[in-house]
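Listed below, chain by chain, are the residues.
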Amino acid sequence: MEAASETSPSPLLALPAELIHHILTFLPPTTLASVSATCRLLNKHTESDHLWQPFVNANLPKPLHSPAPAPTFRALFAAHHPHWFLPRHKIWFSDTEPSGKVIIARYDPRLGSITAHALAAERGFHTFELWAHDQDVIIHSFDPRVNLDLNQPVLKLDIDSSRIEVNRDHHERIPTTSRVATRPGIELTPRLSREILMDCSAPPGIYDSFLLARPHPAAITSVQTSVWPPLILPSVSRTRNASVASYASIGHRPTRLHDVSTHNFRLRRWCEYTGRRSSPSTSILSFNSAPFANTPPRNTLAESLFGNWMAHPGFSSSGGGMNVRIGDDVSTYATLPQEAYTPTANKPWRGIWCGDYSGHGCEFLVILQPEKEEEGPLPRGIVEGRMAGIFGGGGGNADDNNNNNSDSDSDESFASAQEVMSGSVPPLQALGVADGDLETVSALAAGTVASGSSDRATRAAGKQRAEDDEYSGRLEAIKLTGDPNIPRGEHTFIAPDIGARGLIRTATEETFRGTRIVRSAGHIAARGFRDDCYTPTQLILISHNRLAQYWEEYGHISYYVRVDIDSLLEIS
């Protein structure tokens, strides 16, 4: 009886094919791959593209209807596993000092490749005008053209990328095939720990490789820990961005799938060239010679770039030749949670922006509008020292000595804000509500007025609530790319409260008519990020897609423009 039960088919296999397929749709891809190895029947079921197509499309902004150039969606998913997180998160920024770099990752269905190109901006034609509110202030025009630099990809993972392990102890590049895996004296590292050599159309002698990263435990991460992204930026996970051995240690790399960070990765670039050779040597190794003599010819990256000859990294003096590998540079990349830069009705300024930084050119930044419970403490430079009177005490007048024309407006706004904070009637006059209607609003709140006579007051109260929702909380701008003064990963300005407490005035001059102007603090420093501090500024909320910043001590106004990320994801 026991023997019969051991040979009897599984009840799962006795189900109709439609039910088996439906059950398999609930499995994640790794489990689905394991199921395919159990028996021929389930293997046949798991080959269905209806199961694998959703896994691919879940990582792309627009669904694919064909797996080409791969034969099936299953083959396409496997070819880029576990790298699908790159196009899924799309926006990546590096820790390269001081400028950093922002790249946009996309899947190119024409080539079957995951590629990433640098985000670039041209400032365009520049003009200036004097500010009607203060003739001593210059307004610099800013109409940037933001595009991807398509001349050369920063990252490129082909569907048939040649995966090659760099063995630093033996100074040679080893194809990750079973034919060389058993070579004596060579111990291959785990698959997920290996580097992938990329064809990024670099000049001859320049090499690029891709490395997966391991997340750094949040429990042991502090302000003193070198991690990327920095702690002032929101992130699901962070990774170490300091290594004395150029991240060669296995401790920086994942060994198992659950060790892989899907919010960080690294790119390595180096220069490699060979010295003069008196005779053929192993310093330049042909793919048709040992130890590759028994390996069938294959169109690898090195062959396509340099024919059949490829220089090995590191150093080798066998046969009188010598290879030199120099300039080993590793950049760590991170992404942002999508909700951090996606605007909402109550947080309309969230997003990726391009700012005008005068002689430094265009720079990219992320503008955050954290929820009240997510707000951290303001930087010490804002609440201490000369700025304490403006922000440290809950809101002083930042421009008493700079804008005499707006003194009364600022004082009135601050007084109104104090009334609001104390629980009195909101200043609905600013919304065009007459004094008599204020009494109606108060009566309406007390329930002592007929609904017919309160329509206008109700609409005004609704408008006030909508404005309070839109203009509330903190607005922080953090650089994703930087300059020698303020590098990437640092605040560029902060508006602690864009609501009533931070309101300076509503502009009446033609250039910014009707625009809300709030107190803010701009981050400045000497070259090399020395002696950094905050200076009084005024943030001009022109629209949800355009901002301006008045730098009071420098007498000029510069602009910030939202970047349309979705338009950059299109592949033409």
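Thresholds applied
Residues numbered from 1 in each chain as written. Predicted model: local features only at pLDDT ≥ 70, side-chain atom pairs only at ≥ 80, totals over all residues. Heavy atoms only, no water. Buried < 20%, exposed > 50% of the residue type's maximum accessible area, 1.4 Å probe, protein only. Helix = DSSP H or I, 4+ residues; strand = E, 2+ residues; numbered from the N terminus. Arc of directions from axis to C-beta. Salt bridge = Lys/Arg side-chain N within 4 Å of Asp/Glu carboxyl O. pLDDT = per-residue confidence, 0-100. Contact = heavy atoms within 4.5 Å. Patch = residues over 30% accessible without salt bridge, like charges linked within 9 Å, V, L, I, M, F, W, Y side chains within 5 Å. Areas by Shrake-Rupley, 256 points an atom, 1.4 Å probe, with all protein chains shown as cover. Pairing = 2+ DSSP bridges. Polar contact = N/O pair within 3.5 Å; in protein donor to acceptor, adjacent residues only side chain to side chain.

## Re helix 3 (residues 29-36)
- Within helix 3 the residues assigned to the buried category are L32, V35 and S36. Take helix 3 and look down its axis: the buried residues cluster within an arc of 100°, on one side only.

## Observations regarding the pattern of salt bridges
- Across all of its chains, the model carries 22 salt bridges by this definition.
- Note that E371 and R350 form a salt bridge whose closest N and O atoms lie 3.8 Å from each other. Here E371 is found in the loop between strand 19 (362-368) and helix 10 (380-383), whereas its partner R350 is found in the loop between helix 9 (338-341) and strand 18 (351-356), with 21 residues between them in sequence.
- A salt bridge links R380 to E384, with the shortest nitrogen-to-oxygen separation between them at 3.4 Å.
- According to the relative accessible area criterion, R380 is exposed, its value standing at 62%.
- For E384, a relative accessible area of 41% corresponds to the partly exposed category.
- Shared partners join several salt bridges into a network, and the residues in it are E195, R253, R268 and D328.

## Comments concerning the confidence of the model for the protein chain
- Looking at the protein chain, the pLDDT average stands at 80 and 72% of residues meet or exceed 70.
- Note on residues 275-320: pLDDT under 50 across the span, and 95 contacts to partners over four residues away in sequence or across chains.

## Here we look at unusual backbone geometry
- Put simply, A68 and P69 share a cis peptide bond, and its omega is 10°.
- On the secondary structure map, P69 appears in the loop between helix 5 (49-57) and helix 6 (73-79).
- Note the cis peptide between E97 and P98, where omega equals -15°.
- Its location among the elements puts P98 in the loop between strand 1 (91-94) and strand 2 (102-108).
- The phi dihedral of Y247 is positive, around 60°, even though this residue is not glycine.
- One non-glycine residue, D531, lies in the positive phi region at around 50°.
- In this fold, D531 is placed in strand 24 (residues 530-543).

## As for a nonpolar patch on the surface
- A surface patch of nonpolar side chains, about 290 Å² in accessible area, is lined by L12, L15, L19 and I23.
- Among the secondary structure elements, L19 is positioned in helix 2 (residues 17-24).
- Take L19: its relative accessible area is 44%, and that puts it in the partly exposed class.

## A few points about the pairing of strand 25 (residues 546-551)
- Of all 6 residues in strand 25, 5 are buried, a share of seventy percent or more.
- In textbook terms, the turn of a hairpin is the stretch between consecutive antiparallel strands, and for strand 24 and strand 25 this stretch comprises 2 residues.
- Of the pairings in the sheet, the one linking strand 25 to strand 26 (residues 556-562) comprises 6 bridges and is antiparallel in character. Bridging from a neighbouring strand, R546 pairs with V561 of strand 26.
- Taken together, strand 25 and the strand that follows it, strand 26, pair antiparallel across an intervening segment of 4 residues, in which G555 is found at a positive phi of about 65°.

## Remarks on the environment of Q152
- One can find Q152 in the loop between strand 6 (145-148) and strand 7 (155-157).
- Owing to a relative accessible area of 28%, Q152 belongs among the partly exposed residues under this scheme.
- Sequence separation between Q152 and A118 is 34 residues; the distance between their C-alpha atoms is 8.7 Å.
- Residues within four places of Q152 in sequence aside, it is in contact with H117, C200, S201, A202 and R269.
- At a separation of 3.4 Å, a polar atom in the side chain of Q152 contacts the main-chain carbonyl oxygen of C200.

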